[in-house]
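# Structural overview for review
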Amino acid sequence: MPNKPIEELEAMVGDTTVTAEAFRIEPGKVEEFARAITAEDPVFRDESVAAERGHDRVPAPLTYSQVARFPRYTPADVDGKGFDLAFQPEYVIHGEQAHEYERPVYVGDVLEGTTTLADVFQREGGRAGTMTFAVLETEYRTPEGELVLTDRSTAIETEGAIDDGGDESAAEDSASDGEPAEPDGGTAEADPTTPSPTVDEFERVRTVDGLEPGDAGPTVVVEDLERQHFVKYAGASGDFNPIHYDEPYATGAGNESVFGQGMFTAGVTSRVVANWFDLRDVTSFDVRFQSRVFPGDTVVASGEVAEVDPDAGTVEAALEARTTEGETLLTGTATANLE
């Protein structure tokens, strides 16, 4: 339970604050972040490859806005997410993350992030006990006022550590409307025994011609995760919650071990989208976290076409990341506006 009454938190809804300033998109940091999410695509580090794909600068990965949490981008009078929610960090999980893109984020951009506390509410979460939800929406703009992207994050504080052996997931209750965040086309089945083409074998889709619901996108496989994957992601993203890399801290909070950041899994899954569509065509990327990833797990991320609108030239894809043991880590969607 938060250290502030829910009524006090609800009174803060609608408050807005600048949470990132002079957020400079640097080439070395873009490359570091790409490698931390296991993306070896040279487009994130090589200007000539970026130019061949139609970019005038090197683009950043789809989830790069997470880097804005670094202290050097945080105004001196801002702490954490910009609002004193009084959540206990050892019991905070990431429920959902959504992104809307006006264009890709590019090396050389300098952005300012303005965050609004969009909603606060509580639910009973079964094995998670009473859960307190905070929905934060951040707009990133250039100094000229151009909106580049908007991200929405749902943070959930539980009453204690989550037992992954139960039948419910805290994230299953994370949608603000109480309904599963599943597109009409369902979610993609990631079957490691009969995988769809890997990212190295897949040709990016630039038109809706010939696309049909159920068509498979590329598959991303990250084998045998180690603690160093979570440490690298912490260093690249600025997510320094010790529950992801400090074993005594993690077990002391009631967890079986350290576990991966939800946005690490989201970053791995974003590779499906970035290798399926041109980054300039991607207009949204949303994920809903279902369970956690631990050292030793292998992650299989995949996607399939959920809906095609040939008149508008848009395609919606359903995404999923699983372990090879069949544990669903996240589900999600992505939308592309194709030529």
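Below, the structure is looked at part by part. (Residues numbered from 1 in each chain as written. Predicted model: local features only at pLDDT ≥ 70, side-chain atom pairs only at ≥ 80, totals over all residues. Heavy atoms only, no water.)

### Comments concerning the sheet that holds strand E8 (residues 299–309)
Stated formally: The criterion for strand pairing is that DSSP finds at least two bridges linking the strands in question. Under the scheme used here, helices are H or I runs from DSSP no shorter than 4 residues and strands are E runs no shorter than 2 residues, and both carry numbers assigned from the N terminus. What counts as an axis is a line fitted to C-alpha atoms, over the stretch in contact for a helix, and the angles between N-to-C directions run from 0 to 180 degrees.
What the 10 strands build is an open sheet, ordered E1-E3-E4-E5-E2-E7-E10-E9-E8-E6; its pairing is antiparallel. Looking at the sheet topology across the chains shown, the edges are occupied by strand E1 (16–24) and strand E6 (220–222). The average angle at which neighbouring strand axes cross in this sheet is 20 degrees, direction not considered. As paired strands, E8 and strand E9 (residues 314–323) are joined by 10 bridges and run antiparallel to one another. When the sheet's bridge partners are listed, Asp-309 is paired in E9 with Thr-314.

### As for the packing of aromatic side chains
To keep it simple, the criterion reads: Centres within 6.5 Å are what make two rings of Phe, Tyr or Trp a pair, Trp counting through its six-membered ring; a difference in plane orientation under 30 degrees is then read as stacked, over 60 as edge-to-face, and the rest as tilted. Note on exposure labels: buried denotes an accessible area under 20% of the residue type's maximum, exposed denotes more than 50%, and partly exposed covers the range between, all computed with a 1.4 Å probe on protein chains only.
The full count for this structure, using the stated rule, is 11 aromatic pairs. Ring geometry for Trp-276 and Phe-277: centres 4.9 Å apart, planes at 15 degrees, overall stacked. Each member of the pair, Trp-276 as well as Phe-277, carries the same accessibility label: buried. Aromatic ring contacts, followed pair by pair, group Phe-23, Phe-33, Tyr-64, Tyr-73, Tyr-140, Phe-230, Tyr-233 and Phe-264 into a single cluster.

### Topic: the environment of Glu-159
With respect to the helices, strands and loops of the structure, Glu-159 is situated in the loop between strand E5 (147–157) and E6. Using a relative accessible area of 44% as the deciding quantity, one classes Glu-159 as partly exposed. With 29 residues separating them in the primary sequence, Glu-159 and Thr-130 have C-alpha atoms 6.0 Å apart.

### Observations regarding unusual backbone geometry
In the Ramachandran plot, Ala-22 falls in the positive-phi region, its phi being about 50 degrees despite a non-glycine side chain. By the element assignment, Ala-22 lies in strand E1. The phi angle at Asp-224 is positive, at roughly 45 degrees, despite the residue not being glycine. By secondary structure assignment, the location of Asp-224 is in the loop between E6 and helix H4 (227–237).

### Comments concerning the pattern of salt bridges
Here is the rule: We define a salt bridge as a side-chain nitrogen of Lys or Arg found within 4 Å of a carboxyl oxygen belonging to Asp or Glu.
The full count for this structure, using the stated rule, is 20 salt bridges. Asp-41 is the partner of Arg-204 in a salt bridge, and the nearest nitrogen-oxygen pair spans 3.1 Å. Here Asp-41 lies in the loop between helix H2 (27–36) and helix H3 (47–52) and Arg-204 lies in the loop between E5 and E6, a separation of 163 residues in the sequence. Relative accessible area serves as the criterion here: at 12%, Asp-41 is assigned to the buried category. Where Glu-137 meets Arg-152, a salt bridge forms, and the shortest distance between an N and an O atom there is 2.8 Å. Taken together, the residues Glu-137 in strand E4 (residues 130–141) and Arg-152 in strand E5 connect sequence positions 15 residues apart.

### Section: the pairing of strand E2 (residues 92–101)
Along any regular strand the residues' side chains alternate between the sheet's two faces. Counting buried residues in E2 gives 7 out of 10 residues, a clear majority hidden from the surface. Two elements, E2 and E5, share 9 bridges in a ladder whose sense is antiparallel. When the sheet's bridge partners are listed, Ile-93 is paired in E5 with Ile-156. Note: E2 against strand E7 (residues 282–289), 5 bridges, orientation antiparallel.

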